[in-house]
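# Architecture and fold: a report
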Amino acid sequence: MAVKTRRYSGRDVTVLVIGLGVAVIVNVGLIWGPTLASIGLSATDWGGIGPIEWVGGQNYHDLAAEYPPFWSAIRNNVLWLGFLGLIATPFGLFCAVLLDRRLRLSRFYQSALYMPVVLSLAVVGFIAQLVYSSDYGVLNAVTGLTVDWLGDSSINIWVVMVAAAWRHVGYVMIIYLAGLKAVDPALKEAAAIDGANERQAFFRVVFPTLRPINVIVLVITVIEALRAFDIVYAINKGRNGLELLSVLVTENIVGEASRIGFGSAIAVVLLVISLGFIVTYLSQLFREEGR
Amino acid sequence: MTLTAPPAAPPAESQRSPSRRPVRPLRILLHVFLVLVALGWLVPLALAVYASLRPYEETARLGYFSLPEHLTLDYYGEAWSQAELPRYYLNTLIIVIPGVLITLFMASFTAFAIARLRIPGRKTLLIVFTAGNLLPPQVLITPLYTLYTLIPLPAWLSDSQSLYDSYLGLILIHVAFQFGFCVFVMANFMRTIPEEISEAALVDGAGVWKRYWRLTLPLCRPVLAALSTLQFTWMYNDFLWALVLMSSGDKLPVTSALNNLRGQFFTDYNLLAAGSVLVALPTLIVFQLLHKQFVAGLTLGSTKG
């Protein structure tokens, strides 16, 4: 690896400064700058126009004490994370394990499972309405029930999470499938020779080698759960039981009442939760790379 | 866990063709399970197509899950013309094509500089870019919205004379947001390109640009193909940015325009179904045609090298 560091010519330096400079400006100007500004704005009562007044932690206090949708949103985001992480992701892994063996029709099963991945969540939200609608939805037609799946605020979050999982499972499945294909077959053979049954071989031998993939899937799951937005917005604009942090932020800035300071405070809560995961993921990633 | 099949068959058996393998109950169970799952995954899609082919009056009377009396393609024609879908498709193309190209161009150069050159702070750069891609969009959306209304643009670029409500604004945010992911994936890929290629060029006196454009980029074709299918799908499916950063209905990309098919007083779900199918069609076609690249893109970065 002993490449001699050569001096860059003047032209090289210009190319580098322009190329990287534009990248940094775009990234900082449109991503990190606004993110930091959110933190600043969350301590003001700005309404979008007029003077900005500093209110300190007032927004956070109001958020926790006087804004019921906030706690519904926190609860729903946690449910969303739990549902994807504990049910959809393991199910995707399970399907990947089943499809990893040489099966006839394996390609068909795979395509069916990840077809929804290419659909927008807005379209998924619409399809969910066809399935769950109370008076003409398929679910009630088949089961004979008369449940208002999307309108009843005590159950609609579950129903929507199933729709979101419909898309998530395929995504997870394909990533695990790629990972499983990369596992050295000799490992499985060795485990079989040692008398491990298939389940033991998977949990004790194969699964531990999938660790880098597990980390990636975990991050995808968390990020998807925190970003969830389109699907509930397409269904009922994220109201009446479908509150999510992301929806509350959007509501507070594009709604009629433009409460930018307040909306920013919700965004900061979202930021703090995500940063926890982002930092963990990145430090893991770059530690492994350093090895 | 009843579905785990018995341990690997002895070699003699596995060499036989699958059709002559003895039928085992567990294997049948496995297929039954997979068929059920596949059906569960396909039925909602089939349902949308089915609904789009039947008159509203009929489904209103009989429900969506009923045998058809008439089948018609009228809703497709209606969605196409009445909802002005061609115009929205065009809007999407105006946003997505430059979006993908600029993202890949910027990301590939940045990845090249980070992975192949010894510039100070390259690791920090990579971390900042990658982390930026992981942020939920809502975290930055409020100031971004304000910023967009404050940045002036000449009238020929934007009717509103600001970045807000302009195609350029949407392109820029897509580039900024997706670029981190592409840098990360491409930098990983470029590290696997043998160092010697670059060294030989260095001896010949090739500059930074030449080594990037003529030597490195052509070797990145598989990654570029995978990333462009993936980026196309993601930008095409975007809903949030257009919702927040656009106000003129006629400039919306096709995914967000879907909402326009909802009537003010009454929604014809069959029409909406036809619209959804039309909106979903391009990504489904890309997925079918570029199946390999698409899967490669999804799994990029999950298996190194």
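The model shown is predicted, which means the values in this text are computed figures rather than measured ones.

### Structural notes on a nonpolar patch on the surface
On the surface, B:I28, B:V32, B:V35, B:L36, B:L39 and B:V43 cluster together into a nonpolar patch covering about 510 Å² of accessible area. On the secondary structure map, B:L36 appears in helix α2 (residues 25-52).

### Section: the packing of helix α5 (residues 121-132) of chain A against α2(B)
Pairs of packed helices are described in terms of their axes, by the angle between the two and the distance that separates them. Two elements in contact, α5(A) and α2(B), have axes whose closest approach is 10 Å; the angle formed by their N-to-C orientations is 85°. Our classification of the angle between α5(A) and α2(B) gives roughly perpendicular. Here A:I127, A:L130 and A:V131 of α5(A) lie close against α2(B), whose contacting residues are B:P44, B:L45, B:L47, B:A48 and B:A51. In the contact of α5(A) with α2(B), the residues fall into eight nonpolar, no polar and no charged.

### Details of the packing of aromatic side chains
We describe a pair of aromatic rings using the distance from one ring centre to the other and the angle between the two ring planes. Counted under the stated rule, the structure contains 32 aromatic pairs over all chains. Note on A:F126 and B:Y269: the rings are 6.3 Å apart at their centroids and 10° apart in plane angle, and the pair reads as stacked. Taken together, the residues A:F126 in helix α5 and B:Y269 in helix α14 (residues 269-289) connect one chain to another. Measuring from ring centre to ring centre gives 5.6 Å for B:F112 and B:Y212, while their planes differ by 50°; the resulting arrangement is tilted. Taken as a pair, B:F112 in helix α5 (residues 85-116) and B:Y212 in helix α10 (residues 208-216) lie far apart in primary sequence, 100 residues in all. Accessibility expressed as a relative area gives 0% for B:F112, which makes it buried.

### What about the interface of chain B and chain A?
With 103 residues of chain B in contact, the opposing surface of chain A contributes 98 residues. Summed over both partners, the interface of chain B with chain A buries about 9400 Å², with 76% contributed by carbon and sulfur atoms. Among the residues chain B hides against chain A, the three largest losses belong to B:W41, B:L134 and B:Q138. Together they make up 8% of the total. The interface formed by chain B and chain A contains zero salt bridges. Taken together, the residues of the side of chain B that touches chain A sort by class into 68 nonpolar, 25 polar and 10 charged.

### Some points on the UniProt feature "transmembrane region" (unreviewed entry) in chain B
Residues and elements named next belong to chain B. UniProt records the feature "transmembrane region" (unreviewed entry) at residues 28-53, 88-113, 125-147, 167-189 and 269-290, using the numbering of this structure. End C-alpha to end C-alpha, residues 167-189 measures 32 Å, and it is 100% helix and 0% strand. Secondary structure content for residues 269-290 is 95% helix and 0% strand, and the end C-alpha separation is 31 Å.

Procedures and definitions
- All residue numbers refer to positions counted from 1 along the written sequence of the respective chain.
- Written order decides the labels, with chains lettered from A and ligands numbered from 1.
- Given that this is a predicted model, residues contribute local features only at a pLDDT of at least 70 and side-chain atom pairs are listed and counted only at 80 or more, while totals for whole chains, interfaces and linings are drawn from all residues.
- The basis for every side-chain value is the complete set of non-hydrogen atoms in the structure, without hydrogens or water.
- The patches described consist of residues with a relative accessible area above 30% and no salt bridge, like charges being joined within 9 Å and nonpolar side chains (Val, Leu, Ile, Met, Phe, Trp, Tyr) within 5 Å.
- Only the protein chains shown count as cover for residues, with accessible areas throughout obtained via the Shrake-Rupley method and a probe of 1.4 Å.
- In the sections that follow, a salt bridge refers to a side-chain nitrogen of Lys or Arg positioned within 4 Å of a carboxyl oxygen of Asp or Glu.
- The numbering of helices and of strands both runs from the N terminus, where a helix is a DSSP run of H or I of at least 4 residues and a strand a run of E of at least 2.
- Note on definitions: angles span 0 to 180 degrees between N-to-C directions of axes, and those axes are lines fitted to C-alpha atoms, for helices only across the stretch in contact.
- Roughly parallel means an angle under 35 degrees; roughly antiparallel means over 145; roughly perpendicular covers 65 to 115; every other angle is labelled oblique.
- In what follows, a contact means two residues having at least one pair of non-hydrogen atoms within 4.5 Å.
- Under the scheme applied here, ten amino acids are nonpolar (Ala, Val, Leu, Ile, Met, Phe, Trp, Tyr, Cys and Pro), four are charged (Asp, Glu, Lys and Arg), and all others, including Gly, are polar.
- Any pair of Phe, Tyr and Trp rings, taking the six-membered ring for Trp, is counted once the centres come within 6.5 Å. Such a pair is stacked with planes under 30 degrees apart, edge-to-face with planes over 60 apart, and tilted for the rest.
- Buried means the residue's accessible area, taken with a 1.4 Å probe over protein chains only, is under 20% of the maximum for its type, while exposed means over 50%, and partly exposed covers the values in between.
- A 1.4 Å probe defines the accessible area here, and the buried area is the portion of it lost by two parts on being joined, summed over both.
- UniProt positions are given in the numbering used here, feature names are shortened, and annotations may be inferred rather than shown by experiment.

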